[in-house]
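Secondary and tertiary structure notes
Residues per chain, in single letters:
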Amino acid sequence: MTPIAILFSTPFKRFLREKVLLGNAPSWELLAILSIYFVQGVLGLSRLAVSFFLKDELGLSPAAMGALIGLGAAPWIIKPVLGLLSDTVPLFGYRRRSYLWLSGLMGSASWLLFAGWVGSGTQAGLVLLFTSLSVAIGDVIVDSLVVERAQRESLAQVGSLQSLTWGAAAVGGIITAYASGALLEWFSTRTVFAITAIFPLLTVGAAFLISEASVSEEDSKPEPRAQIKLVWQAVRQKTILLPTLFIFFWQATPSAESAFFYFTTNELGFEPEFLGRVRLVTSVAGLIGVGLYQRFLKTVPFRVIMGWSTVISSALGLTTLILITHANRAIGIDDHWFSLGDSIILTVTGQIAFMPVLVLAARLCPPGIEATLFALLMSVMNLAGVLSFEVGSLLTHWLAVTETQFDNLALLVIITNLSTLLPLPFLGLLPAGDPQIIEETEKGDNSYDPGDRLVLPPAEVFEHHTVGSLSDQNFLPEFVPEKSSSRP
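The secondary structure content of the chain amounts to 23 helices and zero strands. Counting over 488 residues, the chain shows a buried share of 55%. Within the chain, contacts between residues separated by at least 24 positions form 83% of all contacts whose residues are at least 6 apart in sequence. Carbon and sulfur atoms make up 68% of the accessible area of the chain, which amounts to about 20300 Å² in all.

As a further point, take a nonpolar patch on the surface. Where nonpolar side chains cluster on the molecular surface, the patch consists of Leu 113, Trp 117, Leu 126, Leu 129 and Phe 130 and spans about 440 Å² of accessible area. Counting residues per element, the nonpolar patch draws most heavily on helix α8 (residues 121–150), at three residues. Within the secondary structure, Leu 129 is located in helix α8. Residue Leu 129 is classed as partly exposed on the basis of its relative accessible area, which comes to 31%.

Before going further, it helps to examine unusual backbone geometry. One non-glycine residue, Phe 92, lies in the positive phi region at around 55 degrees. Relative to the elements of secondary structure, Phe 92 occurs in the loop between α6 (79–88) and α7 (97–116). The class of Phe 92 is exposed, set by a relative accessible area of 74%. The phi angle at Ala 400 is positive, at roughly 60 degrees, despite the residue not being glycine.

With that out of the way, let us pick up the packing of helix α4 (residues 47–57) against helix α11 (residues 189–196). Running from N to C, α4 and α11 cross one another at 150 degrees; their axes reach a closest spacing of 9 Å. Classified by the angle between their axes, α4 and α11 sit roughly antiparallel to one another. Judged by the sense of rotation from one axis to the other, the crossing of α4 with α11 is left-handed. From α4, Ala 49, Val 50, Phe 52, Phe 53 and Glu 57 reach across to α11, where they touch Thr 189, Arg 190, Val 192 and Phe 193. Split by residue class, the contact of α4 with α11 holds six nonpolar, one polar and two charged.

Here we take up the nonpolar core. With 77 residues, the main nonpolar core has Leu 54, Phe 114, Phe 193, Leu 409 and Leu 412 as its most contacted residues. Sort the elements by how many residues they give to this core and α8 lands first, with eleven residues.

A complete count under the given rule lists 13 aromatic pairs for this structure. Relative to Phe 193, the ring of Phe 53 lies with its centre 5.5 Å away and its plane at 80 degrees, an arrangement referred to as edge-to-face. Placement of Phe 53 in helix α4 and of Phe 193 in helix α11 is noted, with a sequence separation of 140 residues between them. Phe 53 sits in the buried class, given a relative accessible area of 0%. Judged by its relative accessible area of 0%, Phe 193 falls in the buried class. Following the ring pairs from residue to residue traces out a cluster consisting of Phe 53, Trp 111, Phe 114 and Phe 193.

Let us now look at the pattern of salt bridges. What the rule picks out here adds up to five salt bridges. Note that Asp 56 and Lys 55 form a salt bridge whose closest N and O atoms lie 2.6 Å from each other. Salt-bridge contacts for Glu 57 lead to Arg 190; the nearest nitrogen and oxygen are separated by 3.9 Å. Of this pair, Glu 57 sits in helix α4 while Arg 190 sits in helix α11, and the two are 133 residues apart along the sequence.

A few words on helix α5 (residues 62–72). Among the eleven residues in α5, eight count as buried, and that is most of the element. Residues Pro 62, Ala 63, Met 65, Gly 66, Leu 68, Ile 69, Gly 70 and Gly 72 constitute the buried set of α5.

In this model, the chain carries a mean pLDDT of 78, and residues with pLDDT of at least 70 account for 76%. Contacts for the low-pLDDT stretch residues 4–8, under 50 throughout, to residues beyond four places or in other chains number five contacts.

The next subject is α11. Regarding α11, the residues found buried are Thr 189, Val 192, Phe 193 and Thr 196. One face of α11 carries all of its buried residues, which in axial projection span an arc of 105 degrees. Looking at the packing, one finds that the buried side of α11 touches α4, α7, α10 (179–186) and α12 (200–207).

In this section: the environment of Arg 329. Along the chain, the position of Arg 329 falls in helix α19 (residues 327–330). A residue is classified by how much of its surface remains accessible, and Arg 329, at 45% relative accessible area, is partly exposed. Once residues within four sequence positions are removed from consideration, Arg 329 is found in contact with Leu 268 and Asp 335. Of the polar contacts made by the side chain of Arg 329, one reaches the side chain of Asp 335; its length is 2.6 Å.

Let us now look at the packing of α4 against α10. It is the contact of α4 with α10, at a shortest axis distance of 7 Å, that shows an interaxial angle of 50 degrees. In terms of their interaxial angle, α4 and α10 are classed as oblique. Residues Leu 48, Ala 49 and Phe 52 of α4 form the contact with α10, whose participating residues are Ser 180, Gly 181 and Leu 184. Residues of the contact of α4 with α10, tallied by class, amount to four nonpolar, two polar and no charged.

Calculation notes
- Residues numbered from 1 in each chain as written.
- Predicted model: local features only at pLDDT ≥ 70, side-chain atom pairs only at ≥ 80, totals over all residues.
- Heavy atoms only, no water.
- Helix = DSSP H or I, 4+ residues; strand = E, 2+ residues; numbered from the N terminus.
- Buried < 20%, exposed > 50% of the residue type's maximum accessible area, 1.4 Å probe, protein only.
- Contact = heavy atoms within 4.5 Å.
- Areas by Shrake-Rupley, 256 points an atom, 1.4 Å probe, with all protein chains shown as cover.
- Patch = residues over 30% accessible without salt bridge, like charges linked within 9 Å, V, L, I, M, F, W, Y side chains within 5 Å.
- Salt bridge = Lys/Arg side-chain N within 4 Å of Asp/Glu carboxyl O.
- Axes fitted to C-alpha atoms, helices over the stretch in contact; angles between N-to-C directions.
- Parallel < 35°, antiparallel > 145°, perpendicular 65-115°, else oblique.
- Left-handed = near helix turned anticlockwise from the far one by under 90°.
- Nonpolar A, V, L, I, M, F, W, Y, C, P; charged D, E, K, R; others polar.
- Core = buried A, V, L, I, M, F, W, Y, C linked by side-chain atoms within 4.5 Å.
- Phe/Tyr/Trp six-rings, centres within 6.5 Å; stacked < 30°, edge-to-face > 60°.
- pLDDT = per-residue confidence, 0-100.
- Arc of directions from axis to C-beta.
- Polar contact = N/O pair within 3.5 Å; in protein donor to acceptor, adjacent residues only side chain to side chain.

Rendered as structure tokens:
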């Protein structure tokens, strides 16, 4: 049998559908959706290049870099607005395709501007905004496509589609993790930006594969006011508002990541290739963390796992002090090996700590407005992530931690890690159990089956990594693989 015949044979199609695509029927539209998520993961190729570009070529201080990171994430705060625009303001006759074209072209142009135009911190901040906006627009649209497709599938199939899209982004992130550092050993940062500019164009191509009727052919128009009213009514409920407040404060604790990046590169002399190696192992470690949570911890009550994971992550984050004080050298452990091992441990524990947040956010969304409310909850978390970097930037400035002065870095790390414990007295704001089960029970619906609802949709959260994980700055929010080194 020829290779072409094998590709079109029934056994191969069955294998592709059941094993590779997790039960989803292969189609051009599915390929387009997966390719867009894949591109989101691949964009991690430029993250180390951006970090070194801001540090070395633009000469920004750690505090300035931290502030710039926060501002660059601003578009992710307005994701619900972007979704509403897509639903109500068609471009060139389409609500999905045209916005994907815009996303891809804007992203490619932004990286080309980085490659040939940016020469100051102000220009870098402006282009970072456009770069982040392009990814946010594409993510809003592809999420809406998944929601629309999920509404036509069985409930079990919905979970497999979400897992498949998450996996596509994970593969993209892992593929480029090591390359993000290795390329900087061979090329300049601007060359890496030019290479990165190629990938958003895949989103433009994927848009042509999306099955979408033009606006003139649609029978009904969206009702944004009604949707906003439903979301507002839902947010006002204590069962949603109180957990959201806890998650916001939990996520908004300050980050010392920018300062630590300068320490590892300027003081310890870590090269881009090694940092790329760290990105690779932490990406894989993040997947391990997800697996451990799904296998052993997903049934643990939110209050219990959030409380213990916060305490453990905060304590483990303090191991960074060993590297800062060079105590590891006293016991014969090289800086590189200690950092690598510490990053793996912090990533696994940080991922386990972060997974319940995504699950809780998904479980809080009532039927009918799941996508809109989930996007709003993610925006709240993105806002908290921005505040985390801005407050961390202020602390870095106040403690006089600069690109060459690290005397107070240990104190900065202690403050940022201990601050993660501040939300613990408010654990009571979280539901004692599954909020959907509680809600159904309060309604007196005895027919509710916990197995009827699936959790853990993929989420795009801008949040800080664990201090000491050596992960580069998260300039562009992406899926869980890159956030695997997150700390509470």
